6 protein chains.
Amino acid sequence: MTKAKRLLVINPNTSKEMTLVIQQSVDDSIKKLGGLMEATTTSADQGVASVEGSFDEAVSTYWTVDKVMTLLDEYDGVLIACFSHHISVKVLREATSKPVMHIMEAAILQSLPLGAKFSIVTDSAHWKPLLEEGIQSILGSMERCASVRSSGMTALDTVTLSVDQVMNKLLEASQLAIKEDGAEVILLGCAGMSQLKKDIEINLGVPVIDAVSAGVMSMVGLLLSNLFTSPCGMYTPLPSRPDEVSVPNQGIMMAYHSGAK
Amino acid sequence: MTKAKRLLVINPNTSKEMTLVIQQSVDDSIKKLGGLMEATTTSADQGVASVEGSFDEAVSTYWTVDKVMTLLDEYDGVLIACFSHHISVKVLREATSKPVMHIMEAAILQSLPLGAKFSIVTDSAHWKPLLEEGIQSILGSMERCASVRSSGMTALDTVTLSVDQVMNKLLEASQLAIKEDGAEVILLGCAGMSQLKKDIEINLGVPVIDAVSAGVMSMVGLLLSNLFTSPCGMYTPLPSRPDEVSVPNQGIMMAYHSGAK
Amino acid sequence: MTKAKRLLVINPNTSKEMTLVIQQSVDDSIKKLGGLMEATTTSADQGVASVEGSFDEAVSTYWTVDKVMTLLDEYDGVLIACFSHHISVKVLREATSKPVMHIMEAAILQSLPLGAKFSIVTDSAHWKPLLEEGIQSILGSMERCASVRSSGMTALDTVTLSVDQVMNKLLEASQLAIKEDGAEVILLGCAGMSQLKKDIEINLGVPVIDAVSAGVMSMVGLLLSNLFTSPCGMYTPLPSRPDEVSVPNQGIMMAYHSGAK
Amino acid sequence: MTKAKRLLVINPNTSKEMTLVIQQSVDDSIKKLGGLMEATTTSADQGVASVEGSFDEAVSTYWTVDKVMTLLDEYDGVLIACFSHHISVKVLREATSKPVMHIMEAAILQSLPLGAKFSIVTDSAHWKPLLEEGIQSILGSMERCASVRSSGMTALDTVTLSVDQVMNKLLEASQLAIKEDGAEVILLGCAGMSQLKKDIEINLGVPVIDAVSAGVMSMVGLLLSNLFTSPCGMYTPLPSRPDEVSVPNQGIMMAYHSGAK
Amino acid sequence: MTKAKRLLVINPNTSKEMTLVIQQSVDDSIKKLGGLMEATTTSADQGVASVEGSFDEAVSTYWTVDKVMTLLDEYDGVLIACFSHHISVKVLREATSKPVMHIMEAAILQSLPLGAKFSIVTDSAHWKPLLEEGIQSILGSMERCASVRSSGMTALDTVTLSVDQVMNKLLEASQLAIKEDGAEVILLGCAGMSQLKKDIEINLGVPVIDAVSAGVMSMVGLLLSNLFTSPCGMYTPLPSRPDEVSVPNQGIMMAYHSGAK
Amino acid sequence: MTKAKRLLVINPNTSKEMTLVIQQSVDDSIKKLGGLMEATTTSADQGVASVEGSFDEAVSTYWTVDKVMTLLDEYDGVLIACFSHHISVKVLREATSKPVMHIMEAAILQSLPLGAKFSIVTDSAHWKPLLEEGIQSILGSMERCASVRSSGMTALDTVTLSVDQVMNKLLEASQLAIKEDGAEVILLGCAGMSQLKKDIEINLGVPVIDAVSAGVMSMVGLLLSNLFTSPCGMYTPLPSRPDEVSVPNQGIMMAYHSGAK
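Predicted model, so just to flag it, every value in this text is computed and none were measured.

Engineer: I would appreciate a short explanation of the overall build of chain A in the present structure.
Structural biologist: Counting secondary structure elements, chain A contains ten helices and eight strands. In chain A, which comprises 261 residues, the proportion classed as buried is 64%. Contacts in chain A between residues at least 24 apart in sequence constitute 70% of all its contacts with a sequence separation of at least 6. For chain A, the exposed surface amounts to about 8,900 Å²; the carbon and sulfur share of it is 52%.

Structure representation (structure tokens):
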């Protein structure tokens, strides 16, 4: 058995509560792996308290990449713990050959062998077109996706409502996805829904994917197989440039701040 | 750490040599998993010596399902070790809720996070349209696939040619896939090519996927997460029928032979 | 006028009742052809009593191919009389250059000139994803298909319910397909629904396709034009192999049973 | 056996030579049908001498519809004998519920059961995008089409070159389609190429579709099955209008000329 | 500032009322352009009083092309003012290199930067499949289209109902498109709905596209940039032919009438 | 004539030379508009000197949005002058309802009425998959795109090579796109290629789109029509948040820097 692989999990927003929830889910998955992999869960230092759309995604990408680049030397791979087609993944794949995924991609890939059609149950309606665009990019089409269903909750609701109320809203959206849209597998479309996976699965009777756990499991395969991001095409590494000065104790973005113009 | 998961790997043809090659690749992957998973590699008892097209696939499906159904009770999941969109997977997903994959699906899913476009390098030209149909079914479109390239070898060639000759043919087809078709990741389209993975990867400079290893790694995630095939839609279990008589020491297909008509 | 073409129609399951229903529909179509074509309707000798999913399809493929290969010398073409994307067609196209179709393909092709969108009305919900996968394969996309609608009947229902009850369920599903999904043509998605075609058509006011009849009519064109399955690409004939021993009075599958391993 | 069905075949341009070539091919097919169907081959009275693009198609549609509407009462179905996605078909499907097809659609539908991918070999390069648009419309996607290949001939060439020269150009384009594009079946993309079908087929070794013959055979099935164009959706009949005056001895287009404004 | 560009706007039917409505909308847009462009709004001289389907489209194409060819020398570009994928555009692009568009294409292109999904609100249900086919052709797919919704009005209704009644029907269809189909932008699918744009937009709160105005604005960019229709591929100009005789005071179609045969 | 519309054009990198080139092209287009629109061309204050991939795009998005948000009050619309599917557009459409486009989208939309297939000629090979992903997002499919062709130049080449050398490389790539890929219109895939448009067009004989000019022209139509980004779905504005503090003389990104965490 080889030396344990080291995984960096990063919550791209700055919410400490969300980071904690993610960390618990990551730790649960790591425990199952019996020492094959170690994981550190952290978050962006600056940026936005939650990612509610493309504006937030761009801001959080900036600071997430900044943080990851500072820590990257000590890890074998990176998992972005946000259920969106988070741009930081594309950016980091140019910046390093170490495997990088986000949990949305991992959840989709894990669901494919379990049923012909999956649905994502997300919170606000704003995410429907954004996640659909992500699916199109990840699989190349929407054919395997039955639907993206909003549970009608705002971000605030997930915090202020009781667990039962939240679960009822998720169950309702999931059942519509199964009955109306032909979903055979349900993906929980938020890093913060991990704890509800089992209960929802029992209620629905179909497989329910927890994206954080799917992310950890996907990284096991990539890291144990010593795979790496292709240097050809989409993720061609950028040529080094004079303005990429090294700034001690700061991320690469900070280097850009001071060095560029 | 939980009890080790038990994986059944089955070579759907009857070739002992091929089964041995697969077993070595499976054992290599299992070793990396440090006791998380155990695997048994076996083959169909009857059927065809190699799968060269749809006729063979249908025959081998019959006998592979027969064998798997006899052994299934002792395993947590099944991996079909044939690089084709082997129908036995679809059949077995109806017959059991335990996760079932084939190595073609696993290889494709493992490649997706590593580059925007993958190519499959296969042996004879007959496989090009068959594998393309499989990709369409697995991902819902051909968008992520740069090409399926035949190396121009017959099945016989892979046995009679020297390792160097085989590798040169695979390298040539891979380089065309990268240069002409825009491939960023290469999938070796045969269960018997596992040993060549590292050398080809070094030569090409892009990630090369060994499908058997990808299969084992994909099953780790599904089994550790206690996931199961959805009982809705595509893989709805068949209702039990009077003619499914139990026949001691025989597979379910044999039961059909005697009980049906 | 040339010598009458000889068509082999095979019910891929072992149900005598179903074979009889198919035979009636075939005979009705043959009568209209005024001696151009003769048809024999038979069934698999072993396998499954009805095809309810992919497991049954694989079993019935095995025994259907076995039967067809035994009889093939005396016919000019083969029609598989099961409304599914039955794998035996793909298998037989490798095994013979004589034209082979199944009735699902024939029904779809016959409907295309009659309206922009067709819907298939099938019995159980299990068939919806299976038939959709078939359409994708036959036409290359789902664009021409308005929907696959389940009538909510089980296989048992079609036998135990009265003709009126069956027809009401089919009419209801068809009317929803027209009104909700934009269907302009209706395909009856079961070989056993042939007799209801006229009544349903009168009720709906749109063209209704009887798949068995469509199958016979499609074969007329192919056989009179002396067309054959292409030996290139998807249906490349398998090379002959030492284990394909000739076994007197048995189908090719039986030869595999004894000769292989 | 029912009364012979009456088919109207119309060459949408005014070339008497082309009409004769079409008539021979129609008569050959009709002979094979042993009295099941009778056919009249005619042409537009006015319009263009050949259809070389969209401008010609629009002009020829006008006069073809005019001619067909005058004759329609005496026929059971209409075949437009031009290898293009000729608009007159769409127009006539609104004007009558009798089945209407063009030979391009018939050729494509006839080829689908014979191989996974077809190519169309046409004359001038102008037709490549036009025919591709037609395929997209007829099948809903380009997935089943390997390619549309121009033989590099002008319309003039097909008349001035020797038969051998024409056939060599068609063979060359066909062989490229098979080798480079993966074509398994070849469609001759011109009504005037019917006589070359057999020789080309022998040379290529793959099925070659003669579109005129395919058109006659497709109509047999539709007419013997008493099928009709759907009155719903795409081909909804136009409401009658006050300006559709009846003009003796003139087509409906002439009625529009005088009655409208 | 360059000399004012001259735009020919043509209503392809013969309705004087419709031409007037279009002219008002054109004049409103031209006014905003401060002398950059001048426009003449006219109509076909013969043909149909309104375009209700493919039959009418073919007739109106004939006479619209006839009229345009007579006037073309004095204009820099042509706008076909009918909300359909009107064939005259394709025809005219072969006949002249001057930019030609119809208002449906202009409306779709104008809507794309304003939201991820647009819906078209049209009158009768007959237009739904016809417009969907147009979108497929214009964008190459239906991905950006949320839906085509019929308001359930007949052509007669738009004339006989009060403005309030018409607007209520349009609002109702638009609101369903937004709520049920995910539309983010609404396109008014009729040249005669221009005046209602502002009120509907205020009511809906999403951008509403007036197709006539979009047409004028699209032509500004093409004409000021001196762009032209490509002579390659789809719109290859037809070779000149002996039967294209010049007939004084008549359009080119009339020349065909007399010269052809 | 209304008050002149004010357009903000922003080069998302910090290169003063590139900004100047863009400004010249913008000014040329503005001149043609005779006072209808005024434009200011500026650049990001910080970030990257050139956008060579996704990493640079993310960094430049951050600083481009920052700059635009500071200036936005004084403008009616924003044009991002980078030939990529630059994320800043998506971000800004959430941040403001004023129309926002990038020049890649404008160039594609302007090309659609001029030919059936367009090709983009770009510099380095890295851009091929990135631009293809952009086209998929902008049009919903790749159907209208013939190809994305790299001219094989590095960013450095475009500066160090002579104008003749650059043009020869662009011509060569364009001619391959026309001949091999079926391109009918060519898009110059870089903001810095504007000056070469006319010469390339004369050489090729097909329409050549200058993206900066296309961008200005597209904005004319949107601004004169008082159109706005839809507040529904993809670009739903973010809810205001307590940490969006106002920071004098700084962009909104700076506010995030200080206020967030």
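Engineer: Would you mind showing me how to read the pattern of salt bridges here?
Structural biologist: If the charged atoms of two oppositely charged side chains come close together, the side chains can form a pair. Residue and element names in this part refer to chain A. For the coordinates displayed, the defined rule picks out 42 salt bridges over all chains. Among the salt bridges present, the one from Asp76 reaches Arg6, with a minimum N-O distance of 3.3 Å. Of this pair, Asp76 sits in the loop between helix 2 (54-71) and strand 3 (77-80) while Arg6 is found in strand 1 (residues 5-11), placing the two residues 70 residues apart along the sequence. Overall, Asp76 belongs to the partly exposed group, its relative accessible area being 23%.

Engineer: Would you take a moment to explain helix 1 (residues 16-32) of chain E for this structure?
Structural biologist: Count 3.6 residues to each turn of an α-helix, and residues three or four apart come out pointing the same way. All names here are of chain E. A rise of 1.5 Å per residue sets the reference length of helix 1, with its 17 residues, at 24 Å; its end C-alpha atoms lie 25 Å apart and thus fit the reference within 8%. Taken residue by residue, helix 1 has Thr19, Val21, Ile22, Ser25, Val26, Ser29 and Ile30 as its buried positions. In the core, the buried residues of helix 1 are packed alongside strand 1 (5-11), strand 2 (37-43) and helix 9 (211-224). With its phi angle positive at about 55°, Gly34 sits one or two positions after the end of helix 1.

Engineer: I keep staring at the sheet that holds strand 7 (residues 185-188) of chain A and nothing clicks. Help me out?
Structural biologist: Pairing between the strands of a sheet is mediated by backbone hydrogen bonds and can be parallel or antiparallel. Residues and elements named next belong to chain A. In space, the four strands of this open sheet follow the order 6-5-7-8, with parallel pairing throughout. Because the sheet does not close on itself, it has two edges, and the strands there are strand 6 (145-150) and strand 8 (208-209). Bridging between strand 5 (residues 118-122) and strand 7 involves four bridges; their strand directions are parallel. When the sheet's bridge partners are listed, Ser119 is paired in strand 7 with Ile186. Lying on the sheet, helix 7 (residues 163-181) is in contact with strand 5, strand 6 and strand 7; it crosses strand 6 at an angle near 150°.

Engineer: Would you mind going over the interface of chain D and chain C with me for this structure?
Structural biologist: Accessible area lost on assembly of the parts is the figure often given for the size of an interface. At the junction of the two partners, chain D supplies 49 residues and chain C supplies 49 residues. Here chain D meets chain C over a buried area of about 3,900 Å², counting both sides, of which 64% is carbon and sulfur. Counting across the interface, chain D meets chain C through zero salt bridges. At the boundary of chain D and chain C, one finds twelve residue pairs in polar contact (both at pLDDT 80 or more). Ranked by residue count, the leading element in the side of chain D that touches chain C is helix 9 (residues 211-224) of chain D, at five residues.

Engineer: Help me understand the packing of helix 4 (residues 103-111) of chain D against helix 5 (residues 127-139) of chain D, please; the structure alone is not making it clear to me.
Structural biologist: Packed helices, taken two at a time, are described by the angle between their axes plus the distance between the axes. Residues and elements named next belong to chain D. Put simply, helix 4 and helix 5 touch, their axes get as near as 11 Å, and they point 65° apart. Where helix 4 crosses over helix 5, the handedness of that crossing is right-handed. Counting all contacts with helix 4, which are made through Met104, Glu105, Ile108 and Leu109, the residues of helix 5 involved are Leu131, Gly134, Ile135, Ile138 and Leu139. For the contact of helix 4 with helix 5, the residue count by class is seven nonpolar, one polar and one charged.

Engineer: I keep staring at the domain arrangement of chain A and nothing clicks. Help me out?
Structural biologist: Residues and elements named next belong to chain A. As assigned here, chain A comprises domain 1 (5-104 + 214-258) and domain 2 (105-210). One C-alpha centre belongs to domain 1, the other to domain 2, and the line joining them spans 23 Å. Summing the contributions of domain 1 and of domain 2, the shared interface buries around 1,800 Å²; its carbon and sulfur component is 64%. The interface formed by domain 1 and domain 2 contains one salt bridge. In this structure, Glu105 engages Arg93 in a salt bridge whose closest nitrogen and oxygen atoms are separated by 2.9 Å. Elements that contribute at least two residues to the side of domain 1 that touches domain 2 include exactly helix 1 (16-32), strand 4 (100-102), helix 4 (103-111) and helix 9 (211-224).

Engineer: Please explain the packing of aromatic side chains as it appears in this structure.
Structural biologist: How two aromatic rings sit relative to each other is set out by the distance from centre to centre and by the angle between their planes. Following the criterion strictly, the structure yields 15 aromatic pairs over all chains and no others. Here Tyr62 of chain D and Trp63 of chain E contribute two aromatic rings whose centre-to-centre distance is 6.1 Å and whose plane-to-plane angle is 80°, an arrangement assigned as edge-to-face. Pair noted here: Tyr62 of chain D is in helix 2 (residues 54-71) and Trp63 of chain E is in helix 2 (residues 54-71), and the two residues belong to different chains. Overall, the relative accessible area of 2% leaves Trp63 of chain E in the buried class. Through a chain of ring-to-ring contacts, three or more aromatic side chains come together here, namely Tyr62 and Trp63 of chain A together with Tyr62 and Trp63 of chain F.

Engineer: What am I meant to see in the relation of the copies chain D and chain C here?
Structural biologist: Superposition of chain D onto chain C requires a rotation of 180° combined with a translation of 0.0 Å along the rotation axis, giving an RMSD of 0.0 Å. Those values place the two copies in the arrangement expected of a two-fold rotation axis. Both copies contact each other with a shared surface, as 100% of the interface residues of chain D are interface residues in chain C too.

Engineer: Explain the environment of Glu143 of chain D here, please?
Structural biologist: Note that Glu143 of chain D resides in the loop between helix 5 and strand 6 (145-150). The partly exposed category is assigned to Glu143 of chain D, whose relative accessible area is 38%. Note: C-alpha distance between Glu143 of chain D and Arg6 of chain D (137 residues apart in sequence) is 35 Å. Those residues in contact with Glu143 of chain D, other than ones at most four positions away along the chain, are Gln136 of chain B, Gly140 of chain C together with Lys117 of chain D.

Engineer: Would you explain the packing of helix 2 (residues 54-71) of chain B against helix 3 (residues 87-95) of chain B in this entry?
Structural biologist: All names here are of chain B. Orientation of helix 2 relative to helix 3, taken along the N-to-C sense of each, is 35°, at an axis distance of 9 Å. Considering how the two elements wind past one another, helix 2 and helix 3 form a crossing that is right-handed. From helix 2, Glu57, Thr61, Thr64, Val65, Val68 and Met69 reach across to helix 3, where they touch Ile87, Ser88, Val91, Leu92 and Ala95.

Engineer: Any chance you could explain the side chain of Thr122 of chain F here in plain terms?
Structural biologist: All names here are of chain F. Mapped onto the elements, Thr122 comes out in strand 5 (residues 118-122). By relative accessible area, Thr122 is classed as buried at 1%. Setting aside its immediate chain neighbours within four residues, Thr122 contacts Trp127, Leu131, Val148, Arg149, Ser150, Ser151 and Gly189.

Engineer: Any chance you could explain unusual backbone geometry here in plain terms?
Structural biologist: Leave glycine aside and you will find that most residues have negative phi; peptide bonds, for their part, are mostly trans. Within the chain, Asn226 of chain A stands out as a residue other than glycine whose phi angle is a positive 55°. You can see Asn226 of chain A is positioned in the loop between helix 9 and helix 10 (252-259).

Engineer: Explain the environment of Ile135 of chain F to me, please; I cannot follow it from the model alone.
Structural biologist: Residue and element names in this part refer to chain F. Here Ile135 is to be found in helix 5 (residues 127-139). Taking C-alpha positions, Ile135 is 9.8 Å from Val148, a pair spaced 13 residues apart along the chain. Sequence-distant contacts of Ile135, defined by excluding residues within four places in its chain, comprise Met104, Ile108, Phe118, Ile120, Gly140, Ser141, Met142, Cys145 and Val148.

Engineer: Which parts of the structure should I look at to understand the sheet that holds strand 3 (residues 77-80) of chain E?
Structural biologist: Residues and elements named next belong to chain E. Overall, parallel pairing links the four strands, which are arranged 2-1-3-4 in an open sheet. For this open sheet the edge positions go to strand 2 and strand 4 (100-102), each flanked by a neighbour on one side alone. Sheet twist, expressed as the average angle between the axes of neighbouring strands with direction ignored, equals 20°. Of the strand pairs in this sheet, strand 1 and strand 3 are connected by four bridges, and their pairing is parallel. Each bridged residue has a counterpart across the sheet, and for Val9 the counterpart in strand 3 is Leu79.

Engineer: Looking at this structure, how should I read helix 5 (residues 127-139) of chain C?
Structural biologist: All names here are of chain C. Taking 1.5 Å per residue as the helical rise, helix 5 with its 13 residues ought to reach 18 Å, and the 18 Å between its terminal C-alpha atoms agrees with that figure. Counted residue by residue, helix 5 has ten buried out of 13 residues, so it is predominantly covered. Residues of helix 5 that are buried include every one of Trp127, Pro129, Leu130, Leu131, Glu132, Gly134, Ile135, Gln136, Ile138 and Leu139, and no others. Just downstream of helix 5, Gly140 is the residue with a positive phi angle, here 90°.

Engineer: Any chance you could explain the side chain of Thr96 of chain D here in plain terms?
Structural biologist: Residue and element names in this part refer to chain D. Among the secondary structure elements, Thr96 is positioned in the loop between helix 3 (88-95) and strand 4 (100-102). Polar side-chain contacts of Thr96 include one of 3.0 Å to the backbone nitrogen of Lys98. Residues contacting Thr96, with those up to four places away along its chain left out, are Leu72 and Thr229.

Engineer: Explanation requested: the confidence of the model for chain A in the structure shown.
Structural biologist: As a general rule, the predicted coordinates of low-pLDDT regions are not to be interpreted in detail. Residue and element names in this part refer to chain A. Summing up the model confidence of chain A, the mean pLDDT is 90 and the portion of residues at 70 or higher is 90%. Under a pLDDT of 50 for its full length, residues 243-251 has, in the predicted model, 14 contacts with residues more than four places off or in other chains. The model gives residues 254-261 a pLDDT under 50, and that stretch makes 26 contacts with residues more than four places away or in other chains. Among the scores for the predicted complex, ipTM is 0.93 and pTM is 0.94.

Here is what the cut-offs are and how they apply
- Residues numbered from 1 in each chain as written.
- Chains lettered and ligands numbered in written order.
- Predicted model: local features only at pLDDT ≥ 70, side-chain atom pairs only at ≥ 80, totals over all residues.
- Heavy atoms only, no water.
- Helix = DSSP H or I, 4+ residues; strand = E, 2+ residues; numbered from the N terminus.
- Buried < 20%, exposed > 50% of the residue type's maximum accessible area, 1.4 Å probe, protein only.
- Contact = heavy atoms within 4.5 Å.
- Areas by Shrake-Rupley, 256 points an atom, 1.4 Å probe, with all protein chains shown as cover.
- Salt bridge = Lys/Arg side-chain N within 4 Å of Asp/Glu carboxyl O.
- Expected span 1.5 Å × (residues − 1).
- Pairing = 2+ DSSP bridges.
- Axes fitted to C-alpha atoms, helices over the stretch in contact; angles between N-to-C directions.
- Buried area = accessible area lost by both parts, 1.4 Å probe.
- Polar contact = N/O pair within 3.5 Å; in protein donor to acceptor, adjacent residues only side chain to side chain.
- Left-handed = near helix turned anticlockwise from the far one by under 90°.
- Nonpolar A, V, L, I, M, F, W, Y, C, P; charged D, E, K, R; others polar.
- Domains from an automatic or database assignment.
- Phe/Tyr/Trp six-rings, centres within 6.5 Å; stacked < 30°, edge-to-face > 60°.
- Least-squares fit on C-alpha atoms with pLDDT ≥ 70 in both.
- pLDDT = per-residue confidence, 0-100.

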